[in-house]
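Next come the chains, spelled out residue by residue.
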Amino acid sequence: MLLSDLPDDLHFLVLSYVPEDSLLRHCRLVCHRWKEIVDSQALWKLKCLRAGIVNNIGNFPVRFDWRRVCLKKPFDRNLIKNPCGEHGFRNWKRINGGDGWTIENSRDVIPEANSQKCFASSYEWCLKEQIVDLIKEGLWEELLDCYQPDIFVFDWYGGREDCGCIYHIKVHLLAADKNTVRARFESRPPSIQQWNDAKYQKVSCVFRNYGPGVRFVKFFHRAKDTQFWAGHYGARVTNSTVRVSVSRTEALPGVEVIDKESQSSVNMEDDEYVYQFRSWISEDDDEHMQNQARDIESRKSNKLCIIN
């Protein structure tokens with residue numbers, strides 16, 4: 001019996017077990033019949049469902065690109081590259097305050113992290129930023145504009161036992177021009193006091209119903225210590241996460257829900273961004289200078305007491 005004599009269903013079943021790369025590089029070129037099967041959404045849907053990549057989506061309201069999903073696997077994985085510092089500072093844009101960022105072993109365990117390393121900050125603001133290209137990661141315009149899948153953001157921060165620290169985070173959903181902000185999240189948790197338990201704290205939010213036009217996620221955070229000690233005694237940050245999910249979960253304990261499009265748009269040109277990035281450092285300069293002044297006055301008072 002010749003291969004061409006086999007029914008289409010059998011061809012389809014056999015090809016569904018072939019690895020993705022071989023399907024595209026070899027099988028698709030064998031004959032017109034195989035090309036049609038490899039180009040069909042049905043084949044890629046079966047591969048996705050069999051691998052558990054997407055489950056229980058029911059009657060999806062927009063065209064679902066099964067081939068793209070199977071090849072890129074954009075859902076329910078971390079889209080941030082090098083989230084824990086296991087590859088040095090690769091993929092991160094940095095501003096180094098004080099003695100700058102360094103990478104250390106974590107002082108606490110995060111079971112879901114793919115590495116138990118962390119980024120440690122210094123005595124002045126240290127900043128890191130990464131931009132996620134949602135289209136490049138495997139999502140597509142119709143899905144983002146019409147269905148608007150949930151975009152989750154997580155970050156972990158903590159201090160050393162012997163030194164207090166401060167941590168802030170900002171996340172922007174950006175339009176295709178990388179300048180227009182469609183939605184935003186910001187958190188400035190209370191500072192961690194000196195002589196703490198060195199446990200990580202988790203910051204989390206989910207963007208929902210953010211409106212059409214989102215193409216990028218800009219993730220940036222900053223950290224420093226509260227003692228102004230040379231070295232790397234500032235907040236530790238690790239396992240930074242941006243994750244897209246097509247499954248809607250209503251119960252989200254501990255997760256801040258950002259569920260409306262920004263009322264106003266902000267444009268940031270590339271040549272102005274470094275200035276705005278640096279300006280974030282100086283937002284608390286007045287408070288820092290006041291604290292320094294109080295420390296100086298306290299030292300003067302102690303010195304006068306000793307002299308007297």
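Before reading further, recall that the structure is shown in the block above.
> Looking at this structure, how should I read the overall build of the protein chain?
For the protein chain, the helix and strand inventory stands at eight helices and eleven strands. Long-range contacts, defined as pairs at least 24 residues apart, comprise 79% of the intrachain contacts of the protein chain with a sequence gap of at least 6. Carbon and sulfur atoms form 49% of the exposed surface of the protein chain, whose accessible area is close to 16,100 Å².

> How should the pattern of salt bridges be read in this particular structure?
Scanning the model with the defined rule gives 17 salt bridges in all. Where Arg63 meets Asp65, a salt bridge forms, and the shortest distance between an N and an O atom there is 4.0 Å. Asp65 gets classed as buried once you look at its relative accessible area, which sits at 17%. A salt bridge links Lys81 to Glu137, with the nearest nitrogen and oxygen atoms 2.5 Å apart. A residue pair is termed long-range when its members are at least 10 positions apart, and Lys81 in the loop between helix H5 (66-72) and strand S1 (93-95) and Glu137 in the loop between strand S4 (126-133) and helix H6 (141-147) qualify at 56 residues. Classification of Lys81 by relative accessible area gives partly exposed; the value is 33%. The exposure class assigned to Glu137 is buried, which follows from its relative accessible area of 12%. The network of salt bridges with common partners includes Arg28, Lys35, Asp39 and Arg67.

> Before we go on, may I ask you to explain a nonpolar patch on the surface in this structure?
Residues Leu10, Leu13, Val14 and Tyr17 make up a contiguous nonpolar surface patch of roughly 390 Å² in combined accessible area. As for its placement among the helices and strands, Leu10 is situated in helix H1 (residues 8-15). Relative accessible area serves as the criterion here: at 34%, Leu10 is assigned to the partly exposed category.

> Could you clarify how one ought to interpret the sheet that holds strand S10 (residues 236-245) in this entry?
Taken together, six strands build an open sheet; the order of strands is S2-S3-S10-S5-S8-S11 and the sheet is mixed. Where the open sheet ends on each side, the last strands, each with one partner, are strand S2 (102-105) and strand S11 (256-258). Put simply, the sheet's adjacent strands are angled 30° from each other on average, direction ignored.

> What's the story with the nonpolar core in this structure? I'm lost.
General note: in soluble globular proteins, nonpolar side chains tend to be found buried as a group. In this structure, Leu15, Phe75, Leu134, Ile151 and Phe207 are the most contacted members of the largest nonpolar core, which totals 56 residues. Sequence-distant contacts of Leu15, that is, excluding residues within four places in its chain, are made with Leu23, Cys27, Trp34, Ile37, Val38 and Leu43. Counting residues in hydrophobic clusters, the runner-up holds eleven residues, among them Ile110, Tyr200, Val206 and Val255.

> What's the story with empty space enclosed by the protein in this structure? I'm lost.
The full count for this structure, using the stated rule, is one cavity of 30 Å³ or more. Here the largest cavity defines a volume of roughly 30 Å³. If you trace the largest cavity, you find it lined by Arg107, Gly158, Gly159, Ala198, Tyr200 and Arg236. By residue class, the composition of the lining of the largest cavity is two nonpolar, two polar and two charged.

> What's the story with the sheet that holds strand S7 (residues 181-187) in this structure? I'm lost.
Judged by pairing direction, the sheet is antiparallel, and its five strands sit side by side in the order S1-S4-S9-S6-S7 without closing on themselves. At either margin of the open sheet sits one strand with a lone partner, and together these are S1 and S7. Across this sheet, the average inter-strand angle for adjacent strands is 15°, counted without regard to direction. Of the pairings in the sheet, the one linking strand S6 (residues 165-174) to strand S9 (residues 216-225) comprises ten bridges and is antiparallel in character. Within the sheet, the bridge partner assigned to Tyr167 lies in S9 and is Ala223.

> What should I look at first to understand the pairing of S4 in this one?
Put simply, side chains in a regular strand alternate between the two faces of the sheet. Taken across its eight residues, S4 has six buried, putting it largely inside the fold. Of the pairings in the sheet, the one linking S1 to S4 comprises three bridges and is antiparallel in character. Residue pairing across strands places Lys93 opposite Glu129, the latter belonging to S4. Pairing between S4 and S9: eight bridges, direction antiparallel. Considered in S9, the bridge of Cys126 is made with Ala223.

> It is not clear to me how the side chain of Lys128 should be interpreted in this structure. Could you clarify?
Here Lys128 shows up in strand S4. Despite its burial, Lys128 pairs with no opposite charge, the nearest such side chain being Asp155 at 6.7 Å. Among the polar contacts listed, one links the side chain of Lys128 to the side chain of His221, at a separation of 2.8 Å.

> Mind showing me how you'd approach the state of the cysteines here?
Disulfides are covalent bonds that link the sulfur atoms of two cysteine residues. Within the structure shown, the criterion is met by zero disulfides. In this structure Cys48 is a free cysteine whose sulfur lies 4.2 Å from that of Cys70, the closest cysteine sulfur available.

> Before we go on, may I ask you to explain the packing of aromatic side chains in this structure?
How two aromatic rings sit relative to each other is given by the distance of their centres and the angle of their planes. The full count for this structure, using the stated rule, is twelve aromatic pairs. Here Trp92 and Phe119 contribute two aromatic rings whose centre-to-centre distance is 5.9 Å and whose plane-to-plane angle is 70°, an arrangement assigned as edge-to-face. Taken together, the residues span a long stretch of sequence, with Trp92 in the loop between H5 and S1 and Phe119 in strand S3 (residues 117-120) at a distance of 27 residues. Here the aromatic residues Phe89, Trp92, Trp101, Phe119 and Phe219 are joined through ring pairs into a cluster of three or more. A cation over a ring is seen here: Arg50 above Tyr17, with NZ or CZ 3.9 Å from the ring centre. One residue, Arg222, lies across the ring of Trp125, its end atom 3.8 Å from the ring centre.

Scoring rules and cut-offs
Residues numbered from 1 in each chain as written. Predicted model: local features only at pLDDT ≥ 70, side-chain atom pairs only at ≥ 80, totals over all residues. Heavy atoms only, no water. Helix = DSSP H or I, 4+ residues; strand = E, 2+ residues; numbered from the N terminus. Contact = heavy atoms within 4.5 Å. Areas by Shrake-Rupley, 256 points an atom, 1.4 Å probe, with all protein chains shown as cover. Salt bridge = Lys/Arg side-chain N within 4 Å of Asp/Glu carboxyl O. Buried < 20%, exposed > 50% of the residue type's maximum accessible area, 1.4 Å probe, protein only. Patch = residues over 30% accessible without salt bridge, like charges linked within 9 Å, V, L, I, M, F, W, Y side chains within 5 Å. Pairing = 2+ DSSP bridges. Axes fitted to C-alpha atoms, helices over the stretch in contact; angles between N-to-C directions. Core = buried A, V, L, I, M, F, W, Y, C linked by side-chain atoms within 4.5 Å. 1 Å grid on protein atoms, 1.4 Å probe; cavity = no way out; pocket = protein on both sides within 12 Å on 5 of 7 lines; lining within 4 Å. Points joined across faces, edges and corners; volume = space filled by probe spheres on them. Nonpolar A, V, L, I, M, F, W, Y, C, P; charged D, E, K, R; others polar. Lys, Arg positive; Asp, Glu negative; His and termini not counted. Polar contact = N/O pair within 3.5 Å; in protein donor to acceptor, adjacent residues only side chain to side chain. Disulfide = S-S within 2.5 Å. Phe/Tyr/Trp six-rings, centres within 6.5 Å; stacked < 30°, edge-to-face > 60°. Lys NZ or Arg CZ within 6 Å of the ring centre and 35° of its normal.

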